[in-house]
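Fold and contact review
Given next are the chains, with one letter for each unit.
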Amino acid sequence: MDELIAFADIADDQTWEDFSLGFDDGAQVAREHAEAMLDAMSEGDTAEQVRLAASLIAILYVLSLIHI
């Protein structure tokens, strides 16, 4: 898990909640991250794919909180 988180742009003192709540327009951002992640997959860029996956998980987490 630590290796996966290392790919995301998270400051040392930033919590998961702070990171995940940093996305304002969740639906649009989620689409953009999903598309970019698929592009990274097709290009074989594993590091970028993992970074985008971590960000996408955070976005989806925030969206789930909004709709609870």
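Residues numbered from 1 in each chain as written. Predicted model: local features only at pLDDT ≥ 70, side-chain atom pairs only at ≥ 80, totals over all residues. Heavy atoms only, no water.

1. Observations regarding the overall build of the protein chain
Counted only if it meets this: Only runs of H or I of at least four residues qualify as helices and only runs of E of at least two qualify as strands under DSSP, and these elements are numbered from the N terminus. Here the term buried applies to any residue with accessible area under 20% of the maximum for its type, exposed to any over 50%, and partly exposed to those in between, with areas from a 1.4 Å probe on protein chains only. For the area figures, the Shrake-Rupley method with a 1.4 Å probe applies, and any residue is considered shielded solely by the protein chains shown.
Secondary structure summary: the protein chain contains four helices and zero strands in total. Helices (α) and strands (β) of the protein chain occur, in sequence order from the N terminus, as α-α-α-α. The proportion of buried residues among the 68 residues of the protein chain is 28%. Surface exposure of the protein chain reaches about 4,700 Å², of which carbon and sulfur atoms provide 55%.

2. Looking at the nonpolar core
Selection criterion: What is meant by a nonpolar core is a set of buried Ala, Val, Leu, Ile, Met, Phe, Trp, Tyr and Cys residues, joined one to another through side-chain atoms within 4.5 Å. Here, two residues are considered to be in contact whenever any of their heavy atoms come within 4.5 Å of each other.
Counting seven residues, the largest nonpolar core consists of V29, A30, M37, L52, L56, I59 and L63. Elements that contribute at least two residues to this core include exactly α3 (26-43) and α4 (46-66). Of the residues forming this core, the biggest block, four residues, is contributed by α4. Residues contacting A30, with those up to four places away along its chain left out, are L56, I59, L60 and L63.

3. Structural notes on the confidence of the model for the protein chain
The line we're drawing: Every residue is assigned a pLDDT by the predictor, reflecting its confidence on a scale from 0 to 100.
Of all residues in the protein chain, 63% have pLDDT values of 70 or greater, and the mean over the chain is 75. When mean pLDDT is taken per element in the protein chain, α3 scores highest with 85 and helix α1 (residues 2-7) scores lowest with 59.

4. Details of the pattern of salt bridges
Applied cut-off: Salt bridges are counted wherever a side-chain nitrogen of Lys or Arg sits within 4 Å of a carboxyl oxygen of Asp or Glu.
A full pass over the atoms with the stated rule returns one salt bridge. As a salt-bridge pair, E48 and R51 come within 2.8 Å of each other at their nearest N and O atoms. A residue pair is termed a helical-turn pair when its members lie 3 or 4 positions apart in one helix, as E48 and R51 do in helix α4 at three residues. Taking relative accessible area as the criterion, E48 reaches 27% and is therefore assigned partly exposed.

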